[in-house]
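The primary structure of each chain is shown beneath.
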Amino acid sequence: MSLGDLIFEIGKLIKEYETGSSPDNDSKDNDLYNINEIIELYPLLSKHIITNGINDGILKVTWIGNKRYFKLEDVEKFISEKQEKSNNMISSTIASWRNK
């Protein structure tokens, strides 16, 4: 390997580090998405719902500067927990209504 090849490889590694696209990090589970991308992927969510989830400690968030980023697995877990909570509330409301 010549000195030129070595410098080229170092430059390529630096570029991969800056863009965050290394061969080891190609998994979509580890990608971070901003709040607007999450809303595009999951139209049933809004900024208000996401912010309430963060404030309640239900939704995990990664802060980079003053911007919020999320992992898809955390958002899917948040949605499923909200759905289960909603289903339980509906069931209990129906049950209490029938008992009156």
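The shown structure was predicted, so the numbers you read here are calculated from the model rather than taken from an experiment. (Residues numbered from 1 in each chain as written. Predicted model: local features only at pLDDT ≥ 70, side-chain atom pairs only at ≥ 80, totals over all residues. Heavy atoms only, no water.)

## Examining the overall build of the protein chain
Inference 1: A tally of helices and strands in the protein chain yields 4 helices and 3 strands.
Inference 2: Reading the protein chain from its N end, one meets helices and strands in the order α-β-α-α-β-β-α.
Inference 3: Considering the protein chain as a whole, with its 100 residues, one finds that 16% of them fall into the buried category.
Inference 4: Contacts in the protein chain between residues at least 24 apart in sequence constitute 48% of all its contacts with a sequence separation of at least 6.
Inference 5: Carbon and sulfur atoms make up 54% of the accessible area of the protein chain, which totals about 8,000 Å². (Helix = DSSP H or I, 4+ residues; strand = E, 2+ residues; numbered from the N terminus. Buried < 20%, exposed > 50% of the residue type's maximum accessible area, 1.4 Å probe, protein only. Contact = heavy atoms within 4.5 Å. Areas by Shrake-Rupley, 256 points an atom, 1.4 Å probe, with all protein chains shown as cover.)

## Focus: the side chain of Asp-74
Inference 1: Note on placement: Asp-74 falls in helix H4 (residues 72-99).
Inference 2: This buried residue, Asp-74, is left without a salt bridge; Lys-60 holds the nearest opposite charge, at 4.7 Å.
Inference 3: Not counting residues up to four positions away in its chain, the partners in contact with Asp-74 are Leu-59 and Lys-60. (Lys, Arg positive; Asp, Glu negative; His and termini not counted. Salt bridge = Lys/Arg side-chain N within 4 Å of Asp/Glu carboxyl O.)

## Points about the confidence of the model for the protein chain
Inference 1: Across the protein chain, the average pLDDT comes to 81, with 75% of residues at 70 or higher.
Inference 2: The element-level mean pLDDT for the protein chain is lowest in H4, coming to 76, with strand S1 (residues 33-34) highest at 94. (pLDDT = per-residue confidence, 0-100.)

## Digging into the environment of Ile-79
Inference 1: Here Ile-79 is to be found in helix H4.
Inference 2: For the pair formed by Ile-79 and Leu-45, sequence separation is 34 residues and the distance between their alpha carbons is 8.6 Å.
Inference 3: Apart from residues lying up to four places away in sequence, Ile-79 is in contact with Tyr-42 and Leu-45.

## Digging into the sheet that holds strand S2 (residues 62-64)
Hydrogen bonds between backbone groups are what pair the strands of a sheet, and the pairing can be parallel or antiparallel.
Inference 1: Spatially, S1-S3-S2 is the arrangement adopted by the 3 strands of the open sheet, whose pairing is antiparallel. Among the strands making up the open sheet, the edge pair consists of S1 and S2.
Inference 2: Where S2 and strand S3 (residues 67-70) come together, 3 bridges link them in antiparallel fashion. The residue bridging Thr-62 from the neighbouring strand is Tyr-69, located in S3. (Pairing = 2+ DSSP bridges.)

## Regarding the nonpolar core
Inference 1: Counting 13 residues, the largest nonpolar core has Ile-38, Tyr-42, Leu-45, Ile-50, Leu-59, Phe-70 and Val-75 as the members making the most contacts within it.
Inference 2: Where this core is concerned, the elements lending two or more residues are helix H2 (35-41), helix H3 (47-55) and H4.
Inference 3: By residue number, the principal contributor to this core is H4, which donates 4 residues. (Core = buried A, V, L, I, M, F, W, Y, C linked by side-chain atoms within 4.5 Å.)

## What about the pairing of S3?
Inference 1: Bridge analysis of S1 against S3 gives 2 bridges, and the strand direction is antiparallel. If you follow Tyr-33 over to S3, its bridge partner there is Phe-70.
Inference 2: Taking the residues that link successive antiparallel strands as the turn, the S2-S3 hairpin has 2 residues, and the phi of Gly-65 there is positive, at about 70°.

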